[in-house]
Amino acid sequence: MSLNDPNWGRGSRGPDGSRGGPGGGNQGPPDLDELWRNFNRKLSELFGRRRGGGGDEPPSSGGRFAFGGAGLLLLVAVAIWLASGFYIVVEGTRGVVLTFGKFSRETTSGLNWRLPWPIQSHEIVNLAQVRTLEVGYRNNVRTKVLKESLMLTDDENIVDLQFAVQYLVKDAQAYVFAVRRPDESAMQIAETAMREVIGKNRMDAILYETQVDIANKAHQLMQQIHDRYNTGIQISTVTIQNAQPPEQVQAAFDDAVKANQDRERQKNEGQAYANDVIPRARGTSSRLLQEAEGYKQRVIANAEGDASRFKQVLTEYAKAPQVTRERIYIDTMREVLSSTNKIMMDYRGSGNLLYLPLDKIMQQAGSAPLTESQAAQKPAEPPPAGEPGPRSRETLRNRERVDR
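Residues numbered from 1 in each chain as written. Predicted model: local features only at pLDDT ≥ 70, side-chain atom pairs only at ≥ 80, totals over all residues. Heavy atoms only, no water.

A. Inspection of the overall build of the chain at higher detail. Of the regular secondary structure elements, the chain holds 12 helices and 15 strands. The 404 residues of the chain split such that 22% are buried. A sequence separation of at least 24 residues applies to 62% of the contacts in the chain between residues at least 6 apart. Summing over all exposed atoms, the chain offers an accessible surface of approximately 29,400 Å²; the carbon and sulfur share of this is 55%. (Helix = DSSP H or I, 4+ residues; strand = E, 2+ residues; numbered from the N terminus. Buried < 20%, exposed > 50% of the residue type's maximum accessible area, 1.4 Å probe, protein only. Contact = heavy atoms within 4.5 Å. Areas by Shrake-Rupley, 256 points an atom, 1.4 Å probe, with all protein chains shown as cover.)

B. Broad picture of helix α7 (residues 211-229). The end-to-end C-alpha separation of α7 is 27 Å, in line with the 27 Å expected for 19 residues at 1.5 Å each. Within α7 the residues assigned to the buried category are Ile-214, Ala-215, Ala-218, Leu-221, Met-222, Gln-223, Ile-225 and His-226. As for α7, its buried residues are in contact with β12 (158-169), α5 (182-198), α6 (203-209) and β13 (233-244). Asn-230, located one to two residues past α7, shows a positive phi value of around 55°. (Expected span 1.5 Å × (residues − 1).)

C. Quick peek at the pattern of salt bridges. All told, the structure shown has 14 salt bridges when counted by the stated rule. Between Arg-334 and Asp-331 there is a salt bridge, with the nearest N and O atoms lying 3.2 Å from each other. You can see Arg-334 and its partner Asp-331 sitting in helix α9 (residues 321-337), 3 residues apart, about one turn around the helix. Residue classification places Asp-331 among the partly exposed positions, given a relative accessible area of 26%. A cluster of three or more residues bridged by salt bridges with shared partners is formed by Lys-144, Asp-160 and Glu-247. (Salt bridge = Lys/Arg side-chain N within 4 Å of Asp/Glu carboxyl O.)

D. Layout of the pairing of strand β10 (residues 140-144). Pairing of strand β9 (residues 137-138) with β10 involves 2 bridges; the strand directions are antiparallel. In the sheet register, Tyr-137 faces β10, and the bridge partner there is Lys-144. Between β9 and β10, which follow one another and run antiparallel, lie 1 residue, and Asn-139 among them has a positive phi close to 70°. (Pairing = 2+ DSSP bridges.)

E. Geometry of the sheet that holds strand β5 (residues 102-107). Strands sit in the order β5-β4-β7 across an open sheet of 3 strands; the sheet is antiparallel. Both edges of this open sheet fall to β5 and β7 (120-126), since each of them pairs with a single strand only. Geometrically, the sheet is characterised by an average inter-axis angle of 25° between neighbouring strands, direction not taken into account. Here 5 bridges tie strand β4 (residues 93-99) to β5, and the two strands are oriented antiparallel to one another. If you follow Leu-98 over to β5, its bridge partner there is Phe-103. (Axes fitted to C-alpha atoms, helices over the stretch in contact; angles between N-to-C directions.)

F. View of unusual backbone geometry. You will see that Glu-156, though not glycine, has its phi angle at about 60°, which is positive. With respect to the helices and strands, Glu-156 occurs in the loop between β11 (150-152) and β12. With phi around 55°, Asn-230 is a residue other than glycine that occupies positive phi space. Here Asn-230 lies in the loop between α7 and β13. A relative accessible area of 46% means that Asn-230 is categorised as partly exposed.

G. Representation of the side chain of Asn-201. Within the secondary structure, Asn-201 is located in the loop between α5 and α6. Within polar-contact distance, the side chain of Asn-201 engages the backbone oxygen of Val-197 at 2.7 Å. Here Asn-201 is in contact with Thr-153, Asp-154, Asp-155, Ile-206, Thr-210 and Ile-214, once residues within four sequence places are set aside. (Polar contact = N/O pair within 3.5 Å; in protein donor to acceptor, adjacent residues only side chain to side chain.)

H. Broad picture of the confidence of the model for the chain. Looking at the chain, pLDDT values average 75 and 71% of them are 70 or higher. Low pLDDT, under 50, characterises residues 50-57; the predicted model gives this stretch 1 contact beyond four residues in sequence or across chains. Within the model, pLDDT remains below 50 along residues 382-392, and this stretch shows 7 contacts once partners closer than five positions in the same chain are excluded. (pLDDT = per-residue confidence, 0-100.)

I. Just the packing of helix α8 (residues 250-319) against α9, in detail. α9 packs onto α8 with a crossing angle of 135° between their chain directions and a minimal axis gap of 6 Å. The pairing of α8 with α9 is recorded here as oblique in orientation. The residues of α9 that touch α8, namely those facing Val-313, Glu-316, Tyr-317, Ala-318 and Lys-319, are Pro-321, Thr-324, Arg-325 and Ile-328. Here the contact of α8 with α9 is built from residues that sort into 5 nonpolar, 1 polar and 3 charged. (Parallel < 35°, antiparallel > 145°, perpendicular 65-115°, else oblique. Nonpolar A, V, L, I, M, F, W, Y, C, P; charged D, E, K, R; others polar.)

Here is the structure:
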């Protein structure tokens, strides 16, 4: 056989179209096109015989082969359909199985199987994911959504408030079945709760004082609403991002705030001044009262002492009048002369009065210490005026006799 022969390597065909060499042996691999044509022919014979009705002819071997191939395909399709019921639930998530759209069971993490669609289906709910809601802004505080951020306060002012809410899913079944759109419902609940809390507070408290308290109250109210509707959502945190007056009245509001701050500053200064003056005035008044009380007690004590001393003197005077008068005179003169710095001496039998400037001498002595020679030349000091000498006593006695 020549190599240019087109039938080289193909062999001869039998009556049924199969290839074979002499003696019926195979000389090469089957042709794919031929196999496909045989398969289509057998299928057409199978369905053609069913449409033509049952004849008396016995089924051929080709029909049995076609029936076996269709059954195999059916088994493969059923196996694939059943295998589509396998699904994997990762850690931190829950699988919710639905039978004809109705809740059937809840599956945990791992490989699980359910009846394939359309009998059963499943939904995966992530319980570990922290979801975030942005109310009044999107992605950035400067990107405001005024429809959500403008809120009315208790004192009929409008505040521009942006806040964020973080929440978790605690019940997969309630999250899937209780609410049609749970994320949108959570957004509406957050906005509603915050508006209610803002409506019960004043503007100044919202801006400068109680933002943490407002966030906590809003957190509690949001959770109460979610529990009431059984949404399966657990509120994690509520954070106020920004709170300020509307931009249209920002300048006027700043002026009002500055005026209030000046008023508070002046009140604090006045209170500080009052706290400084009032205690000192009270201390002064208390001191004066104590001094007056002390003066009163001193005067009373002095008066009582003088009265007691006078009574004692009166008793002694009744016993010895002459001696008592002389003693009283001497004591009185001593008190009078002890308060002056001039000394006068009267010599009997002489009409001249001797005056010595002892005060000048004493001042000079006090200002400069005396030397030994000056101390030797210094005259002897006369006796004190309160203790008169013998001559002064005689003079006093002569005066008493003259008075008598």
